[in-house]
Amino acid sequence: MPHPRLFACAAACVLALAAPTLAEAQGAGSTAAASQGVAAKPVWRAVSFTTEAPAAGGLLVLPLSSEADLATRAASLTEAERAALARALGSADFSYDARKTLSLRGLGAWDMILVVGLGETPLAKTYQSAGAVAGRALMDEPGAVTVLAGGLPAEAASEFAIGLGLGDYRSDLHQAKARARKAPGAATLVSEAAAAAEAQYRPRGEAIVSAMAWARDISNEPANIVYPEVFVARAQAALAGAAGVSIEVLDVPAMQRLGMGALLGVGQGSERPPRMLVIRYRGAGAPAAPVVLVGKGITFDTGGISIKPSTNMGNMKMDMSGAASVTGAAIALARARAPVNVIAVAALAENMPDGRAIRPADVLTAMNGKTIEIVSTDAEGRLVLADALSWVDAQLEPAAVVDVATLTGAVRQALGDEYAGLFTRHDALADQLEAAGEAVDEPLWRLPLHPSYGSDISSTIADLKNGGGEGAGAGTGAHFIGEFIDPDIPWAHLDIAGMAYGAADDMKPAGSAGFTVRLLERFVRDFQPIAGPET
Ligand code: BES
Ligand code: MN
Ligand code: ZN
């Protein structure tokens, strides 16, 4: 669909595309393909599904809930192999709990057999996480992989295959071994339901795997390599040629014309200019009203003049995880040609201390005309989101708006790394987001938007201030953001500061978790229109 601002975009796009080339010229260490957003080489296994019994040899993966499963799951193995497996499982006292593994060598003609537990009552997400554990365990095995999925539903085989790809993710972006890496052997899933599993995996599962890798890569990239213009260029590259997609980029003059003083204020302390990226994707047969996803995209958060302590400041290269997730979800949906109408908005800026940076006590004017007293330049996420939501409110007629942000340390104090914080005044929207999170194992915990948070952020010089007292830090931030969208529009805020990244575990390496890419993909596909506010 043509849009009036596409012309303004064209100029900004040219600039944006030139930027990464410059970074390469400066020897930033990234390959040409990587800096344009396309992985240099396939990093996960090519997947296929078959009903044919496998030829023995190579790596075998065997997902099991119990020893009794061997009869169906491993029907294509020999009687002797099944008996040897049963003996090995018994002598190892294997628990069959979800994500537990047992690796066996020297059994039959197989180089290695990896048994993965499924627990007693596996769900779709259990198969996906078991697949991820297997994918990660076999990451350094170059050979082909056979997965025995006999007796499992088609969805289980497809989810396991998605997991294999997700688990195969590496964050060693700038190591010599990453550049030298060869494509690993293929993965073949053996199942009577091969055709149905294939239909579920392609294109949707494949799109989720590649979009998750995109989101994790861009989050893991340091801020000297990924800054607002590069984020835009990589999103454009990831969506090049995708049907139903149009991309709009607001550069600094465009944002000045619109009066986006809050987003521009955050960006003005950096040598790297801010951007607002808008990705529209409308699939065939999709509804007229879009679901709008808005992401905080601070490519690095030093805190600005209210500078952060140096310990762990490097993690703030991932302060654009919200923007990465909303963009990743749009990539997943567009690549899968999902029948949805979605718009992803990334509010991109770098928060730096500088002679031109905003100061505490400065007053900024957002696009909706509200004035903001700066209490802390480190409460910058809500500032960029204020203008992004004002823009959404003024320009779009959304069915719902969900913003995603690494917004506050306070949400980690409240919920740790078990849940992201969910804030909304619309119960029906909360239900749909919680259901999506539950389905994909990205849990949300709803926290209040108490009216008193409004008085916490009342200012004596401006309409509101960007930080409150000692109280509910995550709630105050959420309340602030809500001031920039019409209360009749169903809106929710996800504070993912505790979930966006973390240490390595059995499913992922250290760094970005790509948190909410899968949640948002699920949410947008299942979205049901929401009635007016209930509170
Ligand atoms: N990006 C941070 C929040 C954050 C903290 C994300 C830890 C991930 C891990 C955000 O911009 C910030 O600095 N928030 C302040 C807000 C305060 C100044 C009102 C915070 O949480 O301290
Ligand atoms: Mn900050
Ligand atoms: Zn931040």
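The structure displayed is predicted, hence computed values, not measured ones.

Draft legend 1. Region of the structure containing the site of ligand 1. Around ligand 1, a shell composed of 17 residues is seen, among which K308, D319, D378, E380 and G409 lie nearest. Within the side chain of K308, one N or O atom sits 2.8 Å away from an oxygen atom of ligand 1. A distance of 2.7 Å separates an oxygen atom of ligand 1 from a polar atom in the backbone of G409. The protein chains hide 78% of the 520 Å² of surface that ligand 1 would expose on its own.

Draft legend 2. Seen up close, the coordination of the manganese ion (ligand 2). Looking at the manganese ion (ligand 2), one finds its protein donor set to be D301 (OD), D378 (O), D378 (OD) and E380 (OE), positioned 2.0 to 2.2 Å from the metal centre. One can describe the site at the manganese ion (ligand 2) as irregular: its 6 donor atoms subtend angles covering 72 to 167° at the metal. Between the manganese ion (ligand 2) and the zinc ion (ligand 3) the interatomic distance amounts to 3.2 Å, and D301 serves as a bridging ligand to the pair. Taking the relative accessible area as the measure of exposure, D378 reaches 23% and is therefore partly exposed.

Draft legend 3. Layout of the coordination of the zinc ion (ligand 3). Here the zinc ion (ligand 3) is held by K296 (NZ), D301 (OD), D319 (OD) and E380 (OE), and the distances to it run 2.0 to 2.4 Å. Considering all 6 donor atoms around the zinc ion (ligand 3), the spread of angles at the metal, 79 to 172°, places the coordination shape in the octahedral class.

Draft legend 4. Molecular detail of the sheet that holds strand 5 (residues 145-148). The strand order across the open sheet built from 6 strands is 1-6-5-2-4-3, with neighbouring strands paired in mixed fashion. In this open sheet, the two strands that pair with only one neighbour each are strand 1 (47-50) and strand 3 (101-104). Mean inter-strand twist for the sheet, computed between neighbouring axes without regard to direction, equals 20°. Examined bridge by bridge, strand 2 (residues 59-64) and strand 5 share 3 bridges and lie parallel to one another.

Draft legend 5. Expanded view of the confidence of the model for the protein chain. Averaged over every residue, the pLDDT of the protein chain is 92; the share at 70 or more is 91%. Note that residues 1-40 has pLDDT below 50 and, in this model, 52 contacts with residues that lie over four places away or in other chains.

Draft legend 6. Local environment of the pattern of salt bridges. Applying the stated criterion across every chain yields a total of 24 salt bridges. A salt bridge links K308 to D378, with the nearest nitrogen and oxygen atoms 3.0 Å apart. Of this pair, K308 sits in the loop between strand 9 (291-301) and helix 12 (321-335) while D378 is found in the loop between strand 12 (371-373) and helix 13 (381-395), placing the two residues 70 residues apart along the sequence. Here D427 ties to R446 by a salt bridge, and the two come within 2.8 Å at their closest N and O atoms. In this pair, D427 is assigned in helix 15 (residues 427-440) and R446 in strand 15 (residues 444-446), connecting sequence segments 19 residues apart. Classification of R446 by relative accessible area gives partly exposed; the value is 29%.

Draft legend 7. Main features of the domain arrangement of the protein chain. Parsing the protein chain into structural domains produces domain 1 (47-208) and domain 2 (226-308 + 319-526). Between domain 1 and domain 2, the residue contacts involve 16 residues of the former and 18 residues of the latter. Counting the surface domain 1 buries against domain 2, the share from its top three residues, K125, R136 and R204, is 40%. Counting across the interface, domain 1 meets domain 2 through 3 salt bridges. Among the salt bridges present, the one from D506 reaches R99, with a minimum N-O distance of 2.8 Å. For the pair domain 1 and domain 2, the interface holds 7 residue pairs in polar contact (both at pLDDT 80 or more). At the level of elements, helix 5 (124-137), helix 6 (154-167) and helix 8 (194-220) are the ones that each hand at least two residues to the side of domain 1 that touches domain 2. At 6 residues, the largest contribution of residues to the side of domain 1 that touches domain 2 is made by helix 5. Residue classes in the side of domain 1 that touches domain 2 are distributed as 7 nonpolar, 4 polar and 5 charged.

Draft legend 8. Spotlight on the layout of surface pockets. If you add up the space inside the largest pocket, you get close to 1,000 Å³. Lining the largest pocket are 40 residues; nearest its centre among them are V440, D441, E442, M507 and R518. Of all the elements, helix 8 adds the most residues to the lining of the largest pocket, at 8 residues. Looking at the lining of the largest pocket residue by residue, the class counts come to 17 nonpolar, 7 polar and 16 charged. Lining of the second largest pocket is provided by 37 residues; of these, K308, L407, T408, G409 and A410 occupy positions nearest its centre. Those elements that place two or more of their residues in the lining of the second largest pocket are strand 9, helix 13, helix 14 (409-415) and helix 17 (473-482). Top element by residues in the lining of the second largest pocket is helix 14. It accounts for 4 residues. Split by residue class, the lining of the second largest pocket holds 11 nonpolar, 16 polar and 10 charged.

Conventions used here
Residues numbered from 1 in each chain as written. Chains lettered and ligands numbered in written order. Predicted model: local features only at pLDDT ≥ 70, side-chain atom pairs only at ≥ 80, totals over all residues. Heavy atoms only, no water. Near = heavy atom within 4 Å. Polar contact = N/O pair within 3.5 Å; in protein donor to acceptor, adjacent residues only side chain to side chain. Areas by Shrake-Rupley, 256 points an atom, 1.4 Å probe, with all protein chains shown as cover. Donors = N, O, S within 2.8 Å, 3.2 Å for Na, K, Ca; no water. Tetrahedral: all angles 85-135°; square planar, octahedral: opposite > 155°, others 65-115°. Buried < 20%, exposed > 50% of the residue type's maximum accessible area, 1.4 Å probe, protein only. Pairing = 2+ DSSP bridges. Helix = DSSP H or I, 4+ residues; strand = E, 2+ residues; numbered from the N terminus. Axes fitted to C-alpha atoms, helices over the stretch in contact; angles between N-to-C directions. pLDDT = per-residue confidence, 0-100. Contact = heavy atoms within 4.5 Å. Salt bridge = Lys/Arg side-chain N within 4 Å of Asp/Glu carboxyl O. Domains from an automatic or database assignment. Buried area = accessible area lost by both parts, 1.4 Å probe. Nonpolar A, V, L, I, M, F, W, Y, C, P; charged D, E, K, R; others polar. 1 Å grid on protein atoms, 1.4 Å probe; cavity = no way out; pocket = protein on both sides within 12 Å on 5 of 7 lines; lining within 4 Å. Points joined across faces, edges and corners; volume = space filled by probe spheres on them.

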